[in-house]
Amino acid sequence: MNAVIGQVRPCADALYNSPYEPWSKWLTGEIGKYPFPYYDPLEFMIHESHARGLEFHAWFNPYRALMNTDLGIDSSSLVFKNPEWFVTYGKNMYFDPGLPEARKHTVNVIMDVVNRYDVDGVHFDDYFYPYRIAKTEFPDSISFEKYKGEFTNKDDWRRNNVDLLIKKLNDSINQVKPHVQFGVSPFGVWRNKSVDPRGSDTRGGQSCYDDLYADVLKWLQEDWIDYVVPQIYWSIGFEAAPYEVLARWWSENSFNHPVIIGQGVYKVNANSDVRWKEPDQIGKQIRLNRELSQIKGSAYFSSKSFKGNPLGLTDSLKTNLYKTVALAPAWNVITSSVDRQYPITFIGREKGIQLMWQGDEHLGELSNHARYVVYRFSKNEQIDLSNSKNIIALLTTETVYFDAAAKRKKKYTYVVTSLDRFNQESKPTVGYAIKNSGSSWKTFSTPIK
């Protein structure tokens, strides 16, 4: 695993110290109540992720405001303070996406986090306009009449409302911190081919374009988002929406953006579809992903599902498909850090060897390193930095690594590189270490041309 997507705004509230919205009840059990002893969960999550070489993407719900109106409205809630921004649909309350002030507030909330916290990404899930409730129209007729402009079709107007939010956020993030990625995790079906020839060969159910008013293909085509995480929470062979059909469709419709498949690990051995009782269902999905050019990885909902090791999945990933370190996909951005090199020095130990290198000086936030990568190769082994099995360490601030596994009378080749905030890798530096029968080593290093 190389990234954490952590929820920070479930319902117009905050799992951090926000000037715009109250502390979340999901943290303390009471809305508006800060944790005691005091700490900032977002700050904690970022620090602990980065300490492990993981990216941290802050996950926001853009429109959901209150779950279950039967429980009443607390005076600390934004729904109580600004009722004109919200509508009730079913038993939940939502920001009305048609209101400019509601969109502005959401942008302000997210940009406050981008400006004040060292996040690597901003993430939305599939909740834009809510999933349809049968025979119940979303109650936005007043805002439609007031703000429809030249739109005569309400569905087109709704999609435009979401477009405005996505574009504004993309522009705002790029203006202040262009290394912060903006990604969306839409419902797995954009549109069915039966209603649009561009759609997937799936049938039935809702779609993100027609029901959630999220035109994700447009966002990819217009370069308004940096990556997409379609939620393909179905099995291979599932009749209405087969995993294999949708994985190929998203790979072919990525508009050259990374596709990170959202995979429903929570269904393993816990779903009416009998295919989820197959121990290798997720394994087969991962192997299919690796055959498709634009699929760059997986995002699992959710992390807690791995704790129970369902059908041995967690163990299987550790020993097989995920047994090596995985670097996050690099952006198509060239920074000055790609020209950096890190000459290696060595200190021989009785039971290993210690590598050291000079770290980066201050090159600026974007060009400075975010992580160091250490590779090791055996004698006469070809240097191949594209194969992650050769990575033995992924470090953050450390410029020292002790290889306790180095054997006597062995010759090793080590390579050190760094990754910047765009995951661009620097030029490699190679170092050779030959251990004699005693504790002494012969070593030298030189940059690879």
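On a predicted model such as this, the values are computed, not experimentally measured, just so you know.

## Quick notes on the pairing of strand E6 (residues 121–124)
Within a regular strand, side chains alternate between the sheet's two faces.
In step 1: Here E6 shows a buried face lined by Gly121 and His123 and a second buried face lined by Val122 and Phe124.
In step 2: Sheet topology note: the strand E2 (residues 55–60)/E6 ladder contains 4 bridges and is parallel. Its bridge partner being in E6, Trp59 is matched across the sheet by His123.
In step 3: Where E6 and strand E7 (residues 181–184) come together, 4 bridges link them in parallel fashion. Residue Phe124 lies in a different strand from E7, and its bridge partner there is Val184.

## Comments concerning the pairing of strand E5 (residues 92–95)
In step 1: Two elements, strand E3 (residues 64–67) and E5, share 3 bridges in a ladder whose sense is antiparallel. Each bridged residue has a counterpart across the sheet, and for Arg64 the counterpart in E5 is Tyr94.

## Focus on the sheet that holds strand E16 (residues 400–403)
Within a beta sheet, neighbouring strands are joined by backbone hydrogen bonds and run either parallel or antiparallel to one another.
In step 1: If you trace the 3 strands from one edge of the open sheet to the other, you get E12-E13-E16, paired in antiparallel fashion. Sheet topology places strand E12 (344–349) and E16 at the edges, where each strand pairs with a single neighbour. Neighbour-to-neighbour, the strand axes of the sheet open up by a mean angle of 20°, direction not taken into account.
In step 2: Relative to E16, strand E13 (residues 352–357) runs antiparallel, the two being bridged by 4 bridges.

## Thoughts on unusual backbone geometry
In step 1: The residue after Phe36, namely Pro37, is reached through a cis peptide bond having omega -5°.
In step 2: Note on placement: Pro37 falls in the loop between helix H1 (25–28) and helix H2 (41–51).
In step 3: Following Phe301, the chain continues into Ser302 via a peptide bond in cis, with omega recorded as -5°.
In step 4: Here Ser302 shows up in the loop between strand E11 (295–300) and helix H10 (313–319).
In step 5: We note that Asp223 has phi near 65°; this positive angle belongs to a residue other than glycine.

## Some remarks on the packing of helix H4 (residues 100–116) against helix H6 (residues 154–176)
In step 1: Running from N to C, H4 and H6 cross one another at 25°; their axes reach a closest spacing of 10 Å. Here H4 lies roughly parallel to H6, going by the angle between them. The crossing of H4 and H6 is right-handed. Taken together, the residues of H6 that come into contact with H4 (itself represented by Arg103, Thr106, Val107, Ile110, Met111, Val114 and Asn115) are Asn161, Leu164, Leu165, Lys168, Leu169, Ser172, Ile173 and Val176.
In step 2: Here the residues of the contact of H4 with H6 are counted per class, giving 9 nonpolar, 4 polar and 2 charged.

The rules behind the values
- Residues numbered from 1 in each chain as written.
- Predicted model: local features only at pLDDT ≥ 70, side-chain atom pairs only at ≥ 80, totals over all residues.
- Heavy atoms only, no water.
- Buried < 20%, exposed > 50% of the residue type's maximum accessible area, 1.4 Å probe, protein only.
- Helix = DSSP H or I, 4+ residues; strand = E, 2+ residues; numbered from the N terminus.
- Pairing = 2+ DSSP bridges.
- Axes fitted to C-alpha atoms, helices over the stretch in contact; angles between N-to-C directions.
- Parallel < 35°, antiparallel > 145°, perpendicular 65-115°, else oblique.
- Left-handed = near helix turned anticlockwise from the far one by under 90°.
- Contact = heavy atoms within 4.5 Å.
- Nonpolar A, V, L, I, M, F, W, Y, C, P; charged D, E, K, R; others polar.

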